Amino acid sequence: MNQEISAESFIHFNQQLSAMVELELPLPEGLRRASSDMADPRLAAAVERISKELEKGNSLSKAVAAQKGELPELYAALLRAGEESGNMAAVLRQAASHSQDMLVLKNRARAAMIYPAFLAAGFGGLLLLFSFFILPRLTILNEAWFGGASLPMATRMLMGISVLFRDHAWGLVIVLAGLVGTAFAKRNSIGSWWNEAQLKAPLWGAFMRSVFLSRFCKTMAVLLGSGVNLPDALSLTGATMGHRGFEEGVDQIRTAVGKGAKFGPSLPKIFFPGSLIWLLGQAEERGSLEKGLKEAGEQYEQRSRRQGAVLGELLEPVIIVALGLLVAFIVVALFLPMFSVSGCL
């Protein structure tokens, strides 16, 4: 399976394209030369195809739209809006800035998960190390040194876990494969549950909500500022949210707006705070919805930065303490038999 085009490569390409348009350079040749220097082979091939489409006389937006599955649909819509408004250079600058903002938000959410995931992997690795290498030798030592004397409860628990991993490894693998298969078969329902659960989780939920609200507001602001009409902007924004609940919420807004409802009052309260609904409603009444979305996006971006920092500061000591307790339990369980036999306990 081909890897997705990296966000960094796409941002750099957009900056190159923006410079070409700004300097009024011949795009087919410029894109062909740019593709030859790209480290991402998938993006290079897409840019080469865009260059050929331009040589055939197609517009830039149509050439980009033809790369469906390679380049974002949102990007093609922005380029089309730039062509219609005659201000392609400004639209490309907006697109580059927006891509950079979305990458920052994505990396912030990812960074908040990497450290806990890394330490969780450490937990698992430590448990497997003791299960397959340390605890089997402890059993042999128990027979040789202590004559099979009854082991303390903590040691028996640890050895039981070792036996489970060592003697039933294939069974555990089969069970795990079954669980993964079931999860894949029910990925829609599980995905919905996970999307809902992560927004309700303490601290993490507030952080992710800020990330999604910032993404929504900033994307809408860029699209409206580029001349995309409101229903199309909502449709494109919903596809970029990365959260099923928010996607459905944005679709509800688009349906309501399509029937003539105001944008602000159509925002579902389950995802959008009352203060944001009021702010955007007031901005819409004053004819400054784009500006209101941009300001709200910045507020929630800054809020997500603060929440992410707090989340990291709180998770780090909790995980370190948990890892320390696990190590302490293992060490104590290993030495308890010696203390018991020697009469120290």
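Throughout, a residue's number is its position along its own chain's written sequence, starting from 1. Under the rules for a predicted model, residues below a pLDDT of 70 receive no local features and side-chain atom pairs below 80 are neither given nor counted, while totals for whole chains, interfaces and linings still include all residues. For side-chain calculations, the full set of non-hydrogen atoms in the structure is used, while hydrogens and water are omitted.

What follows is about the environment of H98. Turning to its location among the elements, H98 is positioned in helix α6 (residues 88–146). Exposure categories follow from relative accessible area, calculated using a 1.4 Å probe and restricted to protein chains: below 20% of the type maximum is buried, above 50% is exposed, and the middle band is partly exposed. What makes H98 buried here is its relative accessible area of 8%. Separated by 120 residues in the primary sequence, H98 and K218 have C-alpha atoms spaced 7.3 Å apart. Any two residues having at least one pair of non-hydrogen atoms within 4.5 Å are treated as being in contact. Once residues lying within four places of it in the same chain are set aside, the contact partners of H98 are L74, K218, T219 and V222. Under the scheme used here, helices are H or I runs from DSSP no shorter than 4 residues and strands are E runs no shorter than 2 residues, and both carry numbers assigned from the N terminus.

The next subject is a nonpolar patch on the surface. Two joining distances apply to patches: 9 Å for like charges and 5 Å for nonpolar side chains (Val, Leu, Ile, Met, Phe, Trp, Tyr), and every residue must have over 30% relative accessible area and no salt bridge. Values of accessible area rely on a 1.4 Å probe in the Shrake-Rupley scheme; residue burial ignores everything except the protein chains shown. We count a salt bridge whenever a side-chain nitrogen from Lys or Arg sits within 4 Å of a carboxyl oxygen from Asp or Glu. Among the surface-exposed residues, L203, V310 and L314 lie close enough to one another that they form a single nonpolar patch of about 250 Å² accessible area. Its location among the elements puts L203 in the loop between α9 (187–200) and α10 (204–225).

Looking now at the side chain of S99. Assignment of secondary structure puts S99 in helix α6. The buried category is assigned to S99, whose relative accessible area is 15%. What S99 contacts, discounting residues up to four positions off in sequence, is F10 and I11.

In this section: the layout of surface pockets. The definitions used throughout rest on a 1 Å grid laid over the protein atoms alone, on which a cavity is an enclosed set of points accommodating a 1.4 Å probe that cannot get out and a pocket is an open set flanked by protein within 12 Å on both sides along at least five of seven lines; lining residues are those having an atom within 4 Å of a point. Grid points are joined across faces, edges and corners, and a volume is the space filled by probe spheres set on the points. In this model, the largest pocket occupies a volume close to 1,200 Å³. Lining the largest pocket are 38 residues; nearest its centre among them are F10, L71, P72, L74 and T240. Elements that contribute at least two residues to the lining of the largest pocket include exactly α1 (7–22), α4 (60–65), α5 (73–85), α6, α10 and α11 (230–239). Residues are grouped as follows: Ala, Val, Leu, Ile, Met, Phe, Trp, Tyr, Cys and Pro are nonpolar; Asp, Glu, Lys and Arg are charged; every other residue, Gly included, is polar. The residue makeup of the lining of the largest pocket, split by class, is 18 nonpolar, nine polar and 11 charged.

To continue, consider the side chain of S210. As for its placement among the helices and strands, S210 is situated in helix α10. The class for S210 is buried, based on a relative accessible area of 2%. Excluding residues within four positions of it along the chain, S210 makes contact with Y300, R303, S304 and Q307.

Before going further, it helps to examine the packing of α1 against helix α2 (residues 27–36). Relative placement of two packed helices is described by the angle separating their axes and the distance separating the axes. Here, axes are lines fitted to C-alpha atoms. For helices the fit covers the stretch in contact, and angles between N-to-C directions go from 0 to 180 degrees. Two elements in contact, α1 and α2, have axes whose closest approach is 11 Å; the angle formed by their N-to-C orientations is 150°. It follows that α1 is roughly antiparallel to α2 by the angle criterion. Here the hand of the crossing between α1 and α2 comes out right-handed. Residues F13, Q16, L17, M20 and V21 of α1 form the contact with α2, whose participating residues are L27, G30, L31 and A34. For the contact of α1 with α2, the per-class residue count stands at seven nonpolar, two polar and no charged. Here roughly perpendicular refers to angles of 65 to 115 degrees, roughly parallel to angles under 35, roughly antiparallel to angles over 145, and oblique to all remaining angles. Crossing handedness is read from the near helix: turned anticlockwise from the far helix by less than a right angle, it gives a left-handed crossing, and turned clockwise, a right-handed one.

It is worth spelling out the nonpolar core at this point. Soluble globular proteins: nonpolar side chains tend toward being buried together. Residues grouped as a nonpolar core are buried Ala, Val, Leu, Ile, Met, Phe, Trp, Tyr and Cys residues, joined through side-chain atoms within 4.5 Å. If you look at the biggest cluster of nonpolar residues, it comprises 70 residues, and the most contacted ones within it are F216, F263 and L293. In terms of residues, this core owes the most to one element, α10, which gives 13 residues. By size, the runner-up hydrophobic cluster in this structure holds six residues, among which are L158, I330, A333 and L334.

Our next topic: the packing of aromatic side chains. Each aromatic pair joins two rings of Phe, Tyr and Trp (for Trp, the six-membered one) with centres within 6.5 Å, and gets the label stacked for planes under 30 degrees apart, edge-to-face for over 60, and tilted for any other angle. Applying the stated criterion across every chain yields a total of nine aromatic pairs. Each ring, one from F246 and one from F271, has its centre 4.8 Å from the other, and the planes form 35°; the classification is tilted. In this pair, F246 is assigned in helix α12 (residues 244–258) and F271 in the loop between α13 (263–266) and α14 (274–285), connecting sequence segments 25 residues apart. Comparing F246 with F271 shows no difference in burial state: the two are buried. Every member of this aromatic cluster is reached through a ring pair, and the members are F212, F216, F246, F263, F271 and F272.

To continue, consider the pattern of salt bridges. Note that side chains of opposite charge can pair when their charged atoms are close. Applying the stated criterion across every chain yields a total of nine salt bridges. In this structure, R32 engages E55 in a salt bridge whose closest nitrogen and oxygen atoms are separated by 2.7 Å. In this pair, R32 is assigned in helix α2 and E55 in helix α3 (residues 41–55), connecting sequence segments 23 residues apart. Classification of R32 as partly exposed rests on a relative accessible area of 34%. Given the relative accessible area of 48%, E55 is considered partly exposed.

In this section: the environment of G245. Turning to its location among the elements, G245 is positioned in helix α12. C-alpha of G245 to C-alpha of L199: the two residues are 46 residues apart in sequence and 9.9 Å apart in space.

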